Amino acid sequence: MTEIIRRHPGRVLRVLESNYRPFNLLDEFESIARKAFDGGKAFREGLVHRLDVYSEKDDLVVKAELPGIDKEDLDIILENDVLTIKAENKKGEVADDVIYYHSERHFGQYSRLISLPFAVDADKVTASYENGLLEMRLPKAEEARPRKIEININ
């Protein structure tokens, strides 16, 4: 008799039989993906900072959370319709006799590349940084703005 195994979304099947074969490749892929991405652990641990990218009128707005980053340790580059945000969170000095029992703070370099959905006017880009929030406004380039075409009648 065939055994029925109930599938629960969000949970990988774990069968401890020596002759177990997965139902299909999707289960194997899900298992591999969960191990690789660990259910968003990278976001929780601060390895990838969160950001929003949206259009507002004729501007592209980028807001990035960069907690603990000093303005001097932040580098922004716009090149070939790609926006790069680089930052470094430096670890403070710790005495040699310190013993950590729990640590969730992460230090090191951070880099994020954002492909822009349209050409922007690099000379008019503005950026502000306050309380760990970077906000950039990238105005749409003149050639990327919609134009009304006049019809000539002969």
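Residues numbered from 1 in each chain as written. Predicted model: local features only at pLDDT ≥ 70, side-chain atom pairs only at ≥ 80, totals over all residues. Heavy atoms only, no water.

Asker: Account for the overall build of the chain, with residues named and values stated.
Answerer: Looking only at helices and strands, one finds two helices and seven strands in the chain. Counting from the amino terminus, helix and strand elements in the chain follow one another as α-α-β-β-β-β-β-β-β. Within the chain, counting contacts between residues at least 6 apart in sequence, those at least 24 apart form 46% of the total. Carbon and sulfur atoms make up 49% of the accessible area of the chain, which totals about 12,800 Å². (Helix = DSSP H or I, 4+ residues; strand = E, 2+ residues; numbered from the N terminus. Contact = heavy atoms within 4.5 Å. Areas by Shrake-Rupley, 256 points an atom, 1.4 Å probe, with all protein chains shown as cover.)

Asker: Any chance you could break down the sheet that holds strand S3 (residues 74-79) for me, citing the residues and the numbers?
Answerer: Either a parallel or an antiparallel arrangement is found when strands of a sheet pair, and the pairing is made through backbone hydrogen bonds. Across the sheet, which stays open at both edges, the three strands sit in the order S3-S4-S5 with antiparallel pairing between neighbours. Both edges of this open sheet fall to S3 and strand S5 (108-115), since each of them pairs with a single strand only. With strand direction ignored, the average angle separating the axes of adjacent strands in the sheet is 15°. Across eight bridges, strand S4 (residues 82-89) lies against S5 in antiparallel orientation. Residue pairing across strands places leucine 83 opposite isoleucine 114, the latter belonging to S5. (Pairing = 2+ DSSP bridges. Axes fitted to C-alpha atoms, helices over the stretch in contact; angles between N-to-C directions.)

Asker: Account for the pattern of salt bridges, with residues named and values stated.
Answerer: This structure, assessed with the given rule, holds four salt bridges. Measuring nitrogen to oxygen at the nearest pair gives 2.9 Å for the salt bridge that ties glutamate 56 to arginine 137. With glutamate 56 in strand S1 (residues 51-56) and arginine 137 in strand S7 (residues 133-139), this residue pair connects regions lying 81 residues apart in the sequence. Residue classification places glutamate 56 among the partly exposed positions, given a relative accessible area of 34%. The closest approach of N and O atoms between arginine 137 and glutamate 135, which form a salt bridge, is 3.6 Å. The exposure class of arginine 137 is partly exposed, given its relative accessible area of 24%. A relative accessible area of 22% places glutamate 135 in the partly exposed class. Each member of the salt-bridge network shares a partner with another, and the members are Glu56, Asp59, Glu135 and Arg137. (Salt bridge = Lys/Arg side-chain N within 4 Å of Asp/Glu carboxyl O. Buried < 20%, exposed > 50% of the residue type's maximum accessible area, 1.4 Å probe, protein only.)

Asker: Explain a nonpolar patch on the surface residue by residue, including any values.
Answerer: On the surface, Val94, Val98 and Tyr100 cluster together into a nonpolar patch covering about 260 Å² of accessible area. Of note, valine 98 is situated in the loop between S4 and S5. Owing to a relative accessible area of 41%, valine 98 belongs among the partly exposed residues under this scheme. (Patch = residues over 30% accessible without salt bridge, like charges linked within 9 Å, V, L, I, M, F, W, Y side chains within 5 Å.)

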